[in-house]
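A closer look at the structure
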Protein chains: 2
Amino acid sequence: MSNTKITGALNVNGRSYPAMQQPLVVVCVDGCEQEYINQAIQAGVAPFLKKMVEHGTVLSADCVVPSFTNPNNLSIVTGVPPAVHGICGNYFYDLETKQEVMMNDAKYLRAATILATFADAGAKVAVITAKDKLRGLLGHKMRGICFSAEKADQATTEQNGIDNLLERVGMPLPSVYSAELSEFVFAAGVKLLASERPDIMYLSTTDYIQHKYAPGTPGANAFYAMMDHYLTQLDTLGAVIGLTADHGMNAKTDSAGKPNVIYLQDVLDAKVGVEKSRVILPITDPYVVHHGALGSYATVYLGTTANAAEIADQIRAIPGIELVLTREQAAQRFELPPDRIGDLVVVSERLTVIGTAASRHDLSELKLPLRSHGGISEQRVPLMFNRKLSAIPADHRLRNFDVFYLAMNNAQ
Amino acid sequence: MSNTKITGALNVNGRSYPAMQQPLVVVCVDGCEQEYINQAIQAGVAPFLKKMVEHGTVLSADCVVPSFTNPNNLSIVTGVPPAVHGICGNYFYDLETKQEVMMNDAKYLRAATILATFADAGAKVAVITAKDKLRGLLGHKMRGICFSAEKADQATTEQNGIDNLLERVGMPLPSVYSAELSEFVFAAGVKLLASERPDIMYLSTTDYIQHKYAPGTPGANAFYAMMDHYLTQLDTLGAVIGLTADHGMNAKTDSAGKPNVIYLQDVLDAKVGVEKSRVILPITDPYVVHHGALGSYATVYLGTTANAAEIADQIRAIPGIELVLTREQAAQRFELPPDRIGDLVVVSERLTVIGTAASRHDLSELKLPLRSHGGISEQRVPLMFNRKLSAIPADHRLRNFDVFYLAMNNAQ
């Protein structure tokens, strides 16, 4: 197998990753609050996940805040926080061009990925994402197989390192808003592991189900039963499996399901003046049906004349706000790139989300009570392996982006 | 009806409570994280609770921290925080006698209850609790009906204002560890409302189910369906219903259900020295099967020579700790009686609980993954009415212990 051609360890962004004897599959389960797994085990639908307690290793880890998909997926595949890799959300406000800029383009990525580095060294690498938005970032400069379930029908050998996917996987093209989008990722992963035997495979799902269904409810349990089924197959095929999440997920409503929203741009327009501030919600992406672009994190750009400390105090006083930090404080505490966050970073509490202006959020597509993420309340995520790990230093703060490192260095 | 004999409003602990034309039933649903109601509505098993959105009022409110049963039940029936009524947990450490003292005895209550005040003025009042531990406190100096489901078989007219309860309610005596213990409270409430027509009734359940089952899971939904059934009957009988909770409830485990416990006495013994500090867990009560005496709140008594600030810093540095306050800070922020809390108050994060010494907690009775409360993460609770409320001042911070006040002053 090609991975073993690599002698010694590879250095990626200052961390050391030795090649492995067995194929490694790292799974990022989007929006996987730990309780989803716990409840699926309780319901008896996840025997493999249950077995990981006894035969593997079950840990908890902190994800990156903002607890969003892109910053965390990039941290996982680079092994470093956004301060190093640069991707701290889906959007930032470019002060030079005075425009809101989408960060889906790989040109914003400032660090090499573990995936590309191993591929360059001769390892066979495969990346499968649910949504196409992540494919470009995760597969940046990477030789090998890289495709999304969303556009699986369009995959070509030239572009994606593989073609004829619907037939290979034996599933029709799933809707972008479906549990099947994630199932396609797993099903394709099993097929690829059996047929191509990649040395390293990265599977990244979508949180469509987690935005809709609470842990332990039928819709959620069905998803984790599906996942458990494919994990069993990956395990049977001999892979070392490391499983983590990009972020958790919490209800953001009252007891009747009404969302608790702070429309921060409206608040600031009233307090500071119209067009004196700009609230950016880095959760915003082209797929808003999940969450109406409402999450528990926002960043605020202020004019140079604004009194940031005073405005921070005003925001802090809003019920439901957990934390307001200056750019410098946020960059330090959450390890974010200061040039891509605003003058203030605002985090709301577990049950509350932040919007811009009420008029700019269409909640009509939210057919079920809002569940979302983005805050510190969604920072704790599972970190599980189907192998026992050798001892980790007690003072090491476990992160979801340690998953490659631990699998390669500590899995026994 | 006797209540209307009361002319004008009664003053209880500085708040004004006018008599009502219709019977008032206040329900305290123990451990009712808002998500339980939300998920029961989603599952279609709680049509009455769903209807309260349209025909009544659904609010969220903050309970008292520590988010435990006794402090909050006493706040609800007195309308004031523990700083006034004195009950800030099940246990405190008496510095004079140097003993851990249980606060179940009514002699520790420092304020009049709304219930006793109305009874004294001529209203017919009834109190039904699930566990007997609360009965003495809630019924302190109160003329009228007051009994627990736990000891319903022992109720006498002389002691409890009513007898022959099992036959009246038509249910066998429930086990203290059962959903039926709470069902008995509701069933008895409906029977009493129909037969005795009390002017004011207070129903307080137990969180046996909430400690076991997550929102939206079958065990939880069955409980809320049961509750919905009895609420419908109370509504049909013409009662104004105010519903709130003593505290919320959260999973306190990792993804495999292992509890995240900080054994604080062990930590302090190692850091400060054996017998130099005393960790008190005010959640401790004779009914430990629910939670193994593990919650997200502890208070620490230090010797006079101890450096409290340094020890506070050491506790603050433990992963999973959310907040460490001095006695004065805690008394102010959480409105607690300073003479009944320790030198430090410690609150752990949503997914973590605090124990004393590992050797002093028997977790063998925990058959399901730990769910518990006590912290700030369980502070947000439902506050619902089956009536529209007149406007509440926008700057009023809603508390669960506003439930009597709002029902009597704002229900239309």
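Here is what the cut-offs are and how they apply
- Residues numbered from 1 in each chain as written.
- Chains lettered and ligands numbered in written order.
- Predicted model: local features only at pLDDT ≥ 70, side-chain atom pairs only at ≥ 80, totals over all residues.
- Heavy atoms only, no water.
- Axes fitted to C-alpha atoms, helices over the stretch in contact; angles between N-to-C directions.
- Helix = DSSP H or I, 4+ residues; strand = E, 2+ residues; numbered from the N terminus.
- Parallel < 35°, antiparallel > 145°, perpendicular 65-115°, else oblique.
- Contact = heavy atoms within 4.5 Å.
- Nonpolar A, V, L, I, M, F, W, Y, C, P; charged D, E, K, R; others polar.
- Phe/Tyr/Trp six-rings, centres within 6.5 Å; stacked < 30°, edge-to-face > 60°.
- Buried < 20%, exposed > 50% of the residue type's maximum accessible area, 1.4 Å probe, protein only.
- Lys NZ or Arg CZ within 6 Å of the ring centre and 35° of its normal.
- Least-squares fit on C-alpha atoms with pLDDT ≥ 70 in both.
- Core = buried A, V, L, I, M, F, W, Y, C linked by side-chain atoms within 4.5 Å.
- Domains from an automatic or database assignment.
- Pairing = 2+ DSSP bridges.
- Salt bridge = Lys/Arg side-chain N within 4 Å of Asp/Glu carboxyl O.
- Expected span 1.5 Å × (residues − 1).
- Buried area = accessible area lost by both parts, 1.4 Å probe.
- Polar contact = N/O pair within 3.5 Å; in protein donor to acceptor, adjacent residues only side chain to side chain.

Turning to the packing of helix 9 (residues 179-195) of chain B against helix 11 (residues 218-236) of chain B, a few remarks are in order. All names here are of chain B. Interhelical geometry of helix 9 versus helix 11 gives an angle of 10° and a closest axis separation of 9 Å. On the basis of the axis angle, helix 9 is roughly parallel to helix 11. Contacts between helix 9 and helix 11 involve Ala179, Ser182, Glu183, Phe186, Ala187, Gly189, Val190 and Leu193 from the former and Phe223, Met226, Met227, Tyr230, Gln233 and Leu234 from the latter. The residue inventory of the contact of helix 9 with helix 11, partitioned by class, reads 10 nonpolar, three polar and one charged.

All names here are of chain A. In the contact formed by helix 1 (residues 34-42) and helix 11 (residues 218-236), the axes pass within 9 Å of each other and the chain directions differ by 85°. The angle between the axes of helix 1 and helix 11 places the two elements in the roughly perpendicular class. Here Tyr36, Ile37, Gln39 and Ala40 of helix 1 come into contact with helix 11, specifically with Ala220, Asn221 and Tyr224. Its residues placed into classes, the contact of helix 1 with helix 11 shows five nonpolar, two polar and no charged.

Scanning the entire structure with this criterion turns up 18 aromatic pairs over all chains. Note on Tyr177 of chain B and Tyr208 of chain B: the rings are 6.4 Å apart at their centroids and 35° apart in plane angle, and the pair reads as tilted. In this pair, Tyr177 of chain B sits in the loop between helix 8 (165-169) and helix 9 while Tyr208 of chain B sits in helix 10 (residues 208-212), placing the two residues 31 residues apart along the sequence. For Tyr177 of chain B, a relative accessible area of 26% gives the class partly exposed. Ring pairing ties together the aromatic residues Tyr36, Phe223 and Tyr224 of chain A, which thus form one cluster. The ring of Phe92 of chain A has Arg340 of chain A sitting right over it, with the charged end atom 5.5 Å from the ring centre.

Now for the relation of the copies chain A and chain B. Of the transformation superimposing chain A on chain B, the axial component is 0.0 Å and the angular component is 180°, with the fit at an RMSD of 0.0 Å. Seen this way, the second copy is the image of the first under a two-fold rotation axis. Minimal C-alpha distance to the rotation axis in chain A is attained by Thr217 of chain A, lying at 2.8 Å. Both copies share a contact surface, since 100% of the interface residues of chain A are interface residues in chain B too.

As a further point, take the nonpolar core. Residue and element names in this part refer to chain A. In this structure, Leu115, Phe118, Tyr202, Leu264, Ile315, Phe334 and Phe404 are the most contacted members of the largest nonpolar core, which totals 83 residues. Residue-level mapping places this core at the junction of two domains, with at least three residues from each of domain 1 (2-249 + 375-410) and domain 2 (261-372). Apart from the residues lying within four places of it in its own chain, the contact partners of Phe404 are Tyr17, Leu24, Val26, Ile76, Val77, Ile114, Leu115, Ile200 and Tyr202.

Right, let's get into the sheet that holds strand 4 (residues 57-62) of chain B. Residue and element names in this part refer to chain B. Strand order in the open sheet formed by seven strands is 4-19-10-3-9-7-8, and the pairing between neighbours is mixed. At either end of the open sheet lies a strand with only one pairing partner, and these are strand 4 and strand 8 (145-148). Averaged over all pairs of adjacent strands, the angle between strand axes in this sheet comes to 15°, irrespective of strand direction. Sheet analysis places strand 4 next to strand 19 (residues 380-385), joined by six bridges and oriented antiparallel. Opposite Asp62, over in strand 19, you have Arg380 as the bridge partner.

Turning to the side chain of Ser377 of chain B, a few remarks are in order. Mapped onto the fold, Ser377 of chain B is located in the loop between strand 18 (371-372) and strand 19. Excluding residues that lie within four positions of it along the chain, Ser377 of chain B makes contacts with Arg350 of chain A together with Asn250, Lys252, Glu349 and Arg350 of chain B.

This part takes up the pattern of salt bridges. Residue and element names in this part refer to chain A. Enumeration according to the criterion identifies 32 salt bridges over all chains in this entry. A salt bridge links Arg143 to Asp120; the shortest N-O distance between them is 3.8 Å. Of the two residues, Arg143 sits in the loop between helix 6 (135-138) and strand 8 (145-148) while Asp120 sits in helix 5 (residues 114-120), which places them 23 residues apart along the sequence. Summarising the burial analysis for this pair, Arg143 and Asp120 share the class exposed. Across the pair Asp313 and Arg316 runs a salt bridge, and its minimum N-O distance is 2.7 Å. With Asp313 and Arg316 both in helix 13 (residues 308-316) and three residues apart, this pair spans about one turn of that helix. Asp313 gets classed as partly exposed once you look at its relative accessible area, which sits at 47%. Exposure remark for Arg316: the relative accessible area of 40% places this residue in the partly exposed category. One continuous salt-bridge network, built from bridges that share partners, spans Asp62, Arg380 and Arg397.

Our next topic: helix 11 of chain A. Residues and elements named next belong to chain A. End to end, helix 11 covers 27 Å across 19 residues, agreeing with the expected 27 Å (1.5 Å per residue, within 8%). Buried residues of helix 11: Ala220, Asn221, Phe223, Tyr224, Met226, Met227, Asp228, Tyr230, Leu231 and Leu234, and no others. Gly238 lies just past helix 11 and shows a positive phi near 95°.

Another point: the side chain of Ser377 of chain A. Classification of Ser377 of chain A by relative accessible area gives buried; the value is 12%. Non-local contacts of Ser377 of chain A, meaning those with residues more than four positions away in its chain, are made with Asn250, Lys252, Glu349 and Arg350 of chain A together with Arg350 of chain B.

Turning our eyes to something else, we now look at the interface of chain A and chain B. On the side of chain B, 31 residues touch chain A, which itself brings 31 residues to the contact. Between chain A and chain B the total buried area reaches about 2,200 Å² when both faces are included, carbon and sulfur atoms providing 49% of it. Put simply, chain A and chain B have four salt bridges between them. A salt bridge links Arg371 of chain A to Glu35 of chain B; the nearest nitrogen and oxygen atoms lie 3.6 Å apart. At the boundary of chain A and chain B, one finds 10 residue pairs in polar contact (both at pLDDT 80 or more). Of all elements in the fold, only helix 1, strand 4 (57-62), strand 11 (250-251) and strand 19 (380-385) of chain A reach the threshold of two or more residues within the side of chain A that touches chain B.

The next point concerns the domain arrangement of chain A. Residue and element names in this part refer to chain A. In terms of domain boundaries, chain A breaks down into domain 1 (2-249 + 375-410) and domain 2 (261-372). Counting from both sides, the interface comprises 42 residues of domain 1 and, opposite them, 34 residues of domain 2. Of the roughly 3,400 Å² buried at the junction of domain 1 and domain 2 (both faces included), carbon and sulfur atoms supply 59%. Counting across the interface, domain 1 meets domain 2 through three salt bridges. A salt bridge links Glu100 to Arg278, with the nearest nitrogen and oxygen atoms 3.0 Å apart.

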